[in-house]
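Each chain, written out:
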Amino acid sequence: MWKYLTNNLYKEFLLSLNLVDSELYIKKLYSISNNIEDNYKVFKIKKSNGSFRKIYEPNSTLKYIQRQILKNILENKKVSKYATAYQKGKSLKDNASVHVGKKIILKLDIKNYFDSISFYSIYNNCFPIEYFPKGIGMLLTYLCTYNGYLPQGASTSAYISNLVMKDFDDELGNWCDENNITYTRYSDDMTFSGDFNLALIIKKVKNMLSKLGLELNKNKIHIIKQNQQQKVTGIVVNERMQAERKYRKEIRKEIYYIKKYGSDFHLDRINYKDKEKYLNKLYGRILFVLQINNDKAFINYKDYVLKLINI
């Protein structure tokens with residue numbers, strides 16, 4: 001299809017993607033793609049379980065290019081209806097709502113999700129030869145990868161992961177629909193609910209992931225029955241959607257101490273040095289609760305903490 005593309009047409013095609021604003025900068029694209037690792041800052045953040053996650057932060061030039069790729073190319077491609085993360089207008093609530101009041105909830109996790117999505121998976125699913133000359137498709141893939149894999153921290157990575165998983169989600173989701181099972185995937189977290197054969201689903205998912213070069217995390221298989229607290233992406237779904245009671249109680253307690261002793265004294269009590277960071281985190285936790293439940297007390301908490309932030 002692209003056999004007779006001249007150099008001038010090639011450049012015009014590349015410029016039509018609006019990644020850069022002039023022909024002069026095309027050389028810059030190739031320079032960055034040929035030294036991609038030099039355009040990232042790599043650091044670690046501690047996870048709740050004590051382990052660390054690597055974050056790859058692109059420099060300002062690469063970040064701009066990636067945002068253009070996301071806006072002008074990737075977001076024009078549809079992802080599966082079963083994927084609920086990394087989409088405008090979708091939230092944790094959308095992922096959890098379909099699992100309310102189910103007999104059994106099965107939660108599965110994809111091991112090393114971003115790190116396991118390879119260069120050629122990205123090329124084939126996002127920039128294939130049907131739509132891009134091979135050289136341009138390869139260039140775009142290099143601009144969205146780090147050392148041959150999907151970097152967690154690039155603005156393109158989240159949407160790319162959904163595109164790579166689209167056929168998987170559609171095939172698995174359709175099979176679940178046929179068997180009266182509810183399925184959603186939020187990033188690397190897969191949730192199944194209903195009344196079903198647990199071993200059958202686990203085996204099916206394991207085999208389907210293997211075909212993509214991905215692996216099921218055997219240490220994160222969770223089966224939750226109705227007589228237990230059923231949580232989906234942090235939201236309790238036994239009878240209705242609800243932020244976890246313990247989570248709400250902790251926020252109430254912190255608001256109580258701030259009102260009683262003042263924020264400065266409270267921060268001294270808990271040995272927290274950064275007041276701005278603390279208040280912003282507390283505000284975010286309150287917004288999380290309000291995203292799930294329209295609780296009048298938490299609306300008041302939100303207004304109260306916002307005033308403290310703006311003082």
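In this text the structure is predicted, and so the values were computed from the model without any measurement.

We now examine the layout of surface pockets. By volume, the largest pocket amounts to about 1,200 Å³. Lining the largest pocket are 33 residues, and of these Lys47, Arg53, Asp109, Asp188 and Lys220 sit closest to its centre. Elements that contribute at least two residues to the lining of the largest pocket include exactly strand S1 (40-46), strand S2 (52-58), strand S3 (104-111) and strand S5 (189-194). Tallying contributions element by element places S3 first for the lining of the largest pocket, with 5 residues.

A few words on empty space enclosed by the protein. Applying the stated criterion across every chain, the model contains 1 cavity of 30 Å³ or more. Of the pockets and cavities examined, the largest cavity occupies roughly 30 Å³. Residue lining of the largest cavity: Ser116, Ile117, Ser121, Val164, Leu212 and Leu214, and that is the complete set. Residue composition of the lining of the largest cavity, by class: 4 nonpolar, 2 polar and no charged.

All right, on to the sheet that holds strand S9 (residues 235-236) then. Read from one edge to the other, the open sheet built from 3 strands follows the order S8-S9-S10, with strand pairing classed as antiparallel. The strands lining the two open edges of the sheet, one partner per strand, are strand S8 (231-232) and strand S10 (242-243). By the bridge criterion, 2 bridges tie S9 to S10 in an arrangement that is antiparallel. Considered in S10, the bridge of Val236 is made with Gln242.

Reading the values: rules and limits
Residues numbered from 1 in each chain as written. Predicted model: local features only at pLDDT ≥ 70, side-chain atom pairs only at ≥ 80, totals over all residues. Heavy atoms only, no water. 1 Å grid on protein atoms, 1.4 Å probe; cavity = no way out; pocket = protein on both sides within 12 Å on 5 of 7 lines; lining within 4 Å. Points joined across faces, edges and corners; volume = space filled by probe spheres on them. Helix = DSSP H or I, 4+ residues; strand = E, 2+ residues; numbered from the N terminus. Nonpolar A, V, L, I, M, F, W, Y, C, P; charged D, E, K, R; others polar. Pairing = 2+ DSSP bridges.

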